Amino acid sequence: MPHQRDRNAVPSRARNDFADTIDDSPSSSSSSQQRQRFAIRLSYDGTTYQGFQSQPYGNTIQDQIEHRLQSLLKRPVRIAAWGRTDAGVHARGAVVSVDLTTDEVRSLWTRRTGRFDHATSFTQREERDAVKQAALFLHGVCKQFACSTGVSEREAMARFGSISAISVTPVPIDFDARYSALWKRYVYYVFSCTANSDTGQPLPFVWMRHAWRVKQQLDLDAMSKAAQLLSGKEHNFEWLSILQQGELRDPRRTIQLAVEEVHVMTSNDNTNAMPYFLEYSQPCAKVYKISATCDFFLYKMMRRVVGMLVSVGSGNAHLNTLALCIDAHDNSVDKENLSIPKELVETAPAHGLCLDHVEYGFPI
């Protein structure tokens, strides 16, 4: 059987359509058709956006980045992404790529170095330096900016800097942000805070944007055992995801799954270093971090897995039932007749999820 990654790349005629924005540009020439590709690693707070992928109303992560680059390059820009995230999902390791012409690379080099009197011809060494300087210029442009597309000016001011470029790296022209990826890692934060707790303080309000509040106590040992049932071996995740119409990729995946309790610093640890919006003294909540690594995640697979783990941890679902469901779908035995408890297929809220990292064969 081929490696999982070899089963991810479904051929698509539209795969490189984003490059057509350069070839069809009115200023296109023989030099401008020589392209340099740059990979941009991004972090963003997805709270106020309608997901990553571009939409007609313009309020998405992709729309904001493309609008920023279009303002710089003075032409239509289409970026290629590692994948996509739903509305409300965050990222700190997303990767996109954009193509610049040779002329655009040289223009950014000139603007960064101030060498406006340079001759039109470049030596090979100067071309390499121009690419490096263009990457630094792009990083500066995308490091922090007003995300104003699709919203009012007041809303844009409130979310300034919610999208930020961590790094910009020159990459080979055949680099594909999606299909060149070796694996991805997602993390999900859950905090358990019982509703009838009489002592202690809930977690600071900022956690409500980045973690799922569960009102029941969670059993860490049960969640860890549930994670072990799915981790390290190939399993059929068809029942723990939503397969979209026309999906051709194999739902059998090998995932590395872990659950751990996270120590949250209180004001008693170091009062002087604790900012007010994170400060609390006697916590009544426990925070859990769920991390998953896989070469390809099916649609809503991670959020379904988290929902399942929380159901097991809260006692609403049992490990024996989970093991039966996994075995039935792995072996395709009586899965049509198997009644899956609804508690095992609940979808966790989007705001607790973060794309933590996308790994390639070289540093980005």
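Residues numbered from 1 in each chain as written. Predicted model: local features only at pLDDT ≥ 70, side-chain atom pairs only at ≥ 80, totals over all residues. Heavy atoms only, no water.

### Section: the packing of helix α2 (residues 61–73) against helix α4 (residues 124–142)
Then step 1. Look at α2 against α4: their axes get within 10 Å of each other, and the N-to-C directions meet at 125°. Classified by the angle their axes make, α2 and α4 are oblique. Between α2 and α4 the crossing geometry is right-handed. Each of Arg-68, Leu-69 and Leu-72 in α2 lies in contact with α4, whose residues at this interface are Phe-137, Leu-138, Val-141 and Cys-142.
Then step 2. Class assignment for the residues of the contact of α2 with α4 results in 6 nonpolar, no polar and 1 charged. (Axes fitted to C-alpha atoms, helices over the stretch in contact; angles between N-to-C directions. Helix = DSSP H or I, 4+ residues; strand = E, 2+ residues; numbered from the N terminus. Parallel < 35°, antiparallel > 145°, perpendicular 65-115°, else oblique. Left-handed = near helix turned anticlockwise from the far one by under 90°. Contact = heavy atoms within 4.5 Å. Nonpolar A, V, L, I, M, F, W, Y, C, P; charged D, E, K, R; others polar.)

### Quick word on the pattern of salt bridges
Then step 1. Evaluated as defined, the whole model comprises 11 salt bridges.
Then step 2. For Asp-221, the salt bridge goes to Lys-225, with nearest N and O atoms at 3.3 Å. In this pair, Asp-221 and Lys-225 are both assigned in helix α6 (residues 220–230), 4 residues apart and thus about one turn of the helix distant.
Then step 3. In this structure Asp-221 comes out as partly exposed when scored by relative accessible area, which is 46%.
Then step 4. With a relative accessible area of 41%, Lys-225 lands in the partly exposed category.
Then step 5. What you see here is one network of salt bridges that share partners, running through Arg-35, Arg-37 and Asp-99. (Salt bridge = Lys/Arg side-chain N within 4 Å of Asp/Glu carboxyl O. Buried < 20%, exposed > 50% of the residue type's maximum accessible area, 1.4 Å probe, protein only.)

### Section: the pairing of strand β11 (residues 353–359)
Then step 1. Of all 7 residues in β11, 6 are buried, a share of seventy percent or more.
Then step 2. Pairing of strand β3 (residues 90–101) with β11, which is carried by 2 bridges, proceeds in the parallel orientation. By the bridge assignment for β11, Ala-91 is matched with Leu-355.
Then step 3. Pairing analysis gives 6 bridges linking strand β5 (residues 183–192) to β11, with the strands arranged antiparallel. Opposite Trp-183, over in β11, you have Glu-359 as the bridge partner. (Pairing = 2+ DSSP bridges.)

### Regarding the environment of Asn-331
Then step 1. Relative to the assigned elements, Asn-331 resides in helix α8 (residues 319–331).
Then step 2. Each C-alpha atom of the pair Asn-331 and Asn-236 lies 8.7 Å from the other, and the pair is 95 residues apart in sequence.
Then step 3. A distance of 2.8 Å separates polar atoms of two side chains, one belonging to Asn-331 and the other to Asp-327. (Polar contact = N/O pair within 3.5 Å; in protein donor to acceptor, adjacent residues only side chain to side chain.)

### Some thoughts on the nonpolar core
Then step 1. Ranked by internal contacts, the top residues of the largest apolar core, which has 88 residues, are Phe-38, Trp-82 and Met-308.
Then step 2. In contact with Met-308, other than residues within four places in its own chain, are Ala-226, Leu-230, Leu-240, Leu-322, Glu-343, Leu-344 and Glu-346.
Then step 3. In terms of nonpolar packing, the next biggest core, distinct from the first, is built from 7 residues, Cys-193, Trp-207, Ala-211 and Val-264 among them. (Core = buried A, V, L, I, M, F, W, Y, C linked by side-chain atoms within 4.5 Å.)

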